[in-house]
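Each chain is listed here by its residues.
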Amino acid sequence: MKNTAFTKFHEELGAKMVPFAGYYMPVQFEGVNAEHETVRKGVGVFDVSHMGEFWVKGPRALDFVQWVTSNDASKLVDGKVQYSCFPNGKGGIVDDLLVYRINAETYLLVVNAANIDKDWAWCNSQNKMGAVLYNASDEIAQLAVQGPLALKAMQKLTDTPILDMEYYTFKKLTFAGVKDVILSTTGYTGSGGCEIYMANEDAPAIWNAVFEAGKEYGIKPIGLGARDTLRLEMGYCLYGNDINDTTSPIEAGLGWITKFTDQKDFIDKAVLLRQKSEGIARKLVGFEMIDMGIPRHGYPIVDASGNVTGEVTSGTMAPSLKKPVGMGYVPVALSKEGSEIYVRIREKSLKAKVVRFPFYKG
């Protein structure tokens, strides 16, 4: 298992550590529900250094990003971030990712931890245009400081204004005395905040500064357990659960990051365009339980007669809502808001209804 630049801090704080995506990561500190609440109401800090970072540079950088990702990166300007995915050439998804435009010839791709090697191999295999690719994943540490008080606390550590930053933007700035830190606002929790990218060697000093700055706001470290419940309440997809190599972005409700323009050719364009125009057989939906039971990843979704029609991809007792919710693929006929579906939990078919994302309205 790899350690991150912050592992020793987690251990000192008594975190419950688990193997995750090849890393030794904190799953919880004081408990998932308490940590979840901290982020919804105050400010919490996640170590997300396990995420991968690829630089794409040179005069053909944009051409490469346009070919390998589903969204339209030509719409990006310096300082803007885009959510996107890598189509896999078979109608599925290699990974979902963030695309940062540093300038016209420099892009940063932020990918999921479990997929770093797969994504890196994929990007290299698709680089027919000769963009300059560099895998910086082992050199960069990242903290996600999340919650309604996060930016207020972090503003104390930089002279650059960050309080009014729009969602999905970033700035390169001096932070806690460290130059060229990237601070972005792409939160995965639905409660606002920022992400801080730094070199590994600057990580300990920045960790200490972040916790010192947030002390008056009740800042706390948060584990991966609460990260999962927070993102699920927002209906955000998790790779490996809700999307994978067999799910298309159209099926997953990610048509909004799949852009069909004359100027952009990309992997699987024809396949995905056909799905969009001709329709799909199944769709990812959100649902809340009517009968009492907690849906979990892999549980069957069945119809009123007990026939399996799909499966739960993510599910939990939502801490902010105090009710069980889930996500899963169902036939399109059952995907409309209000549709009744059933989840098989311990051999019982328990009633649920399809609801609109996000579950948590804030």
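Quick caveat: nothing in here was measured; it's all calculated off a predicted structure. (Residues numbered from 1 in each chain as written. Predicted model: local features only at pLDDT ≥ 70, side-chain atom pairs only at ≥ 80, totals over all residues. Heavy atoms only, no water.)

(A) Focus on the sheet that holds strand 16 (residues 308-318). Strand order in the closed barrel formed by six strands is 14-17-16-15-18-19, and the pairing between neighbours is antiparallel. When the angles between neighbouring strand axes are averaged without regard to direction, this sheet yields 45°. Where helix 7 (residues 224-233) meets the sheet, its contacts fall on strand 16 and strand 17 (323-331), and the angle it forms with strand 16 comes to roughly 115°. (Pairing = 2+ DSSP bridges. Helix = DSSP H or I, 4+ residues; strand = E, 2+ residues; numbered from the N terminus. Axes fitted to C-alpha atoms, helices over the stretch in contact; angles between N-to-C directions. Contact = heavy atoms within 4.5 Å.)

(B) Geometry of helix 7. Among the 10 residues that make up helix 7, nine are buried, leaving the element largely enclosed by the rest of the structure. What helix 7 keeps buried is the set Leu-224, Gly-225, Ala-226, Arg-227, Thr-229, Leu-230, Arg-231, Leu-232 and Glu-233. (Buried < 20%, exposed > 50% of the residue type's maximum accessible area, 1.4 Å probe, protein only.)

(C) Looking closely at the packing of aromatic side chains. Counted according to the given criterion, the structure contains 11 aromatic pairs. Site record: aromatic cluster; members linked through ring pairs are Phe-6, Phe-9, Trp-207 and Phe-211. Residue placement shows Arg-40 over the ring face of Tyr-360; its charged tip is 3.9 Å from the ring centre. The lysine or arginine in question, Lys-57, covers the ring of Trp-55, its NZ or CZ lying 5.2 Å from the ring centre. (Phe/Tyr/Trp six-rings, centres within 6.5 Å; stacked < 30°, edge-to-face > 60°. Lys NZ or Arg CZ within 6 Å of the ring centre and 35° of its normal.)

(D) Highlighting helix 2 (residues 32-41). Residues of helix 2 that are buried: Glu-35, His-36, Thr-38, Val-39 and Arg-40. For helix 2, the elements touching its buried residues are strand 2 (23-28), strand 3 (44-47), strand 9 (140-146), strand 13 (220-222) and helix 7.

(E) Just the sheet that holds strand 13, in detail. Spatial strand order, 10-11-12-9-3-13: six strands in an open sheet with mixed pairing. Here the strands that pair on one side only, and so sit at the sheet edges, are strand 10 (170-175) and strand 13. Sheet twist, expressed as the average angle between the axes of neighbouring strands with direction ignored, equals 30°. Here seven bridges tie strand 9 to strand 12 (residues 193-199), and the two strands are oriented antiparallel to one another. What sits directly across from Ala-144, in strand 12, is Glu-195. Set on the sheet, helix 2 makes contact with strand 3, strand 9 and strand 13; between it and strand 13 the angle comes to about 115°.

(F) Local environment of the pairing of strand 6 (residues 93-103). Burial analysis of strand 6 places 10 of its 11 residues in the buried class, which makes it a mostly covered element. Here strand 5 (residues 81-87) runs beside strand 6; their pairing, made up of seven bridges, is antiparallel. The residue of strand 6 that forms the bridge with Val-81 is Tyr-100. Linking strand 5 to strand 6, which pair antiparallel, is a turn of five residues; within it Gly-89 sits at a positive phi near 85°. Relative to strand 7 (residues 106-111), strand 6 runs antiparallel, the two sharing six bridges.

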